[in-house]
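# Structural features, examined
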Amino acid sequence: MINGHFSIFALKTNKQTNPMKFKILLLATLIVQSCISNQDDEVKPQEIRDIVEFLASDELKGRETATEGELVAAQFIKSKFIEAGIKPYFETYFDAFESKGFKGVNVVGYIEGNDSKLKNEIVLLGAHYDHIGFGETVENDSIANGANDNASGTAAVLAIANRLAHSGTNKRSIIVALFSGEEKGLLGSKALAKKLNEQDIDLYTMLNFEMIGVPFIDRDYDIFLTGYELSDLGEKLNTYTNTTMVGISDVAKKHNLFKRSDNYSFYNEFKVPSHTISSCDLTNFDFYHHVDDEIDQLDFAFMATTINKLIPGIVQICNTDTKEIQMYAPSIP
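Here goes a summary of the coordinates provided. All figures in this text were calculated on a predicted structure; none of them were measured in a lab.

How each quantity is defined
Residues numbered from 1 in each chain as written. Predicted model: local features only at pLDDT ≥ 70, side-chain atom pairs only at ≥ 80, totals over all residues. Heavy atoms only, no water. Salt bridge = Lys/Arg side-chain N within 4 Å of Asp/Glu carboxyl O. Helix = DSSP H or I, 4+ residues; strand = E, 2+ residues; numbered from the N terminus. Buried < 20%, exposed > 50% of the residue type's maximum accessible area, 1.4 Å probe, protein only. Phe/Tyr/Trp six-rings, centres within 6.5 Å; stacked < 30°, edge-to-face > 60°. Lys NZ or Arg CZ within 6 Å of the ring centre and 35° of its normal.

## Concerning the pattern of salt bridges
Evaluation of the coordinates by the stated rule reveals 11 salt bridges. Between Lys 80 and Glu 83 there is a salt bridge whose closest N-O contact spans 3.1 Å. One end of the pair, Lys 80, and the other, Glu 83, are both in helix H4 (residues 68-84), 3 residues apart, so they sit about a helical turn from each other. Where Asp 202 meets Lys 323, a salt bridge forms, and the shortest distance between an N and an O atom there is 2.6 Å. Linking Asp 202 in strand S8 (residues 202-209) with Lys 323 in the segment after helix H10 (300-319), this pair joins segments that are 121 residues apart in sequence. Judged by relative accessible area, which is 31%, Lys 323 ranks as partly exposed. Linked by salt bridges that have partners in common, Asp 218, Arg 219 and Asp 281 make up one network.

Here it is as structure tokens:
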């Protein structure tokens, strides 16, 4: 009943559509048309900015789970999948779930691998697209736009998936999942991870993207992995990209951020390397769950550079002859 769940919330462009809904849909259409995907390999800052600008706009009212704003965001993500030629993983792009009184919808796409054997192994790229809706009012503004958290991660996944879909070089198959309900307790990723495990998919690794919109100023790396010490994914990414872009955040380890984003749902279900990629451990960003988490706080040149550096590593993950990434620890304390 995926379609049944989503139809409860779906926006219709008929005579009964109210002006605000029409405005939001028109804005989505214009942005999709204005950011036609680059066919070359390089992600441009403006491409990322356009996606974040839509998702973090006031019209979406902070994208709280199962609100109209979040569901407009889901429609926008679907449009980006269609634009990139990414097929739905299920019968439709929308995979609805109900948990703890919330009806949410994950948006799930699929890029089939081109190798007859390796295509049965799955690399999952994910990010949550929901946010908290409203926050404490500051200067008459109460909308928690969630530009860094996590329009930035959503934009990264969409840009990476676009390149992978257009190149068609991936031997392993790729699931691209944008999650609802992360801010309510990882609800969307828990539902999807359980569903995929019940399907007995062969999940190789899960890469989750969270708050990558601001750079560090005092680190010798660009991004960190939550749970870096639990597998060799960080080392492999540095090897595959011929960089030292991935490092360890002691702050993330101290606060056990490994358990606080959607990667953890997939670790719980599959016990495979499942990590969050981030450039923000809250020491370099003052507006977590704050109404000032807006687009003007983000560094889009940094984001584009980081994504471009990561893409060859993700391609390599999809194409190695064997599963080179391994867990170090059998369980998480």
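## A look at the packing of aromatic side chains
Applying the stated criterion across every chain yields a total of 11 aromatic pairs. Between Phe 81 and Tyr 93, the aromatic rings sit 5.9 Å apart at their centres with planes inclined by 45 degrees, giving tilted as the arrangement. You can see Phe 81 sitting in helix H4 and its partner Tyr 93 sitting in the loop between strand S1 (87-88) and strand S2 (94-99), a full 12 residues away along the chain. Of the two residues, Phe 81 and Tyr 93, both sit in the buried class. Each member of the aromatic cluster is reached from another via a ring pair, and the members are Tyr 89, Phe 90 and Tyr 110. For Lys 195, the ring lying beneath its charged end belongs to Phe 90, and the centroid distance is 4.3 Å. The lysine or arginine in question, Arg 219, covers the ring of Phe 216, its NZ or CZ lying 4.0 Å from the ring centre.

These figures come from the coordinates and say nothing about function on their own.
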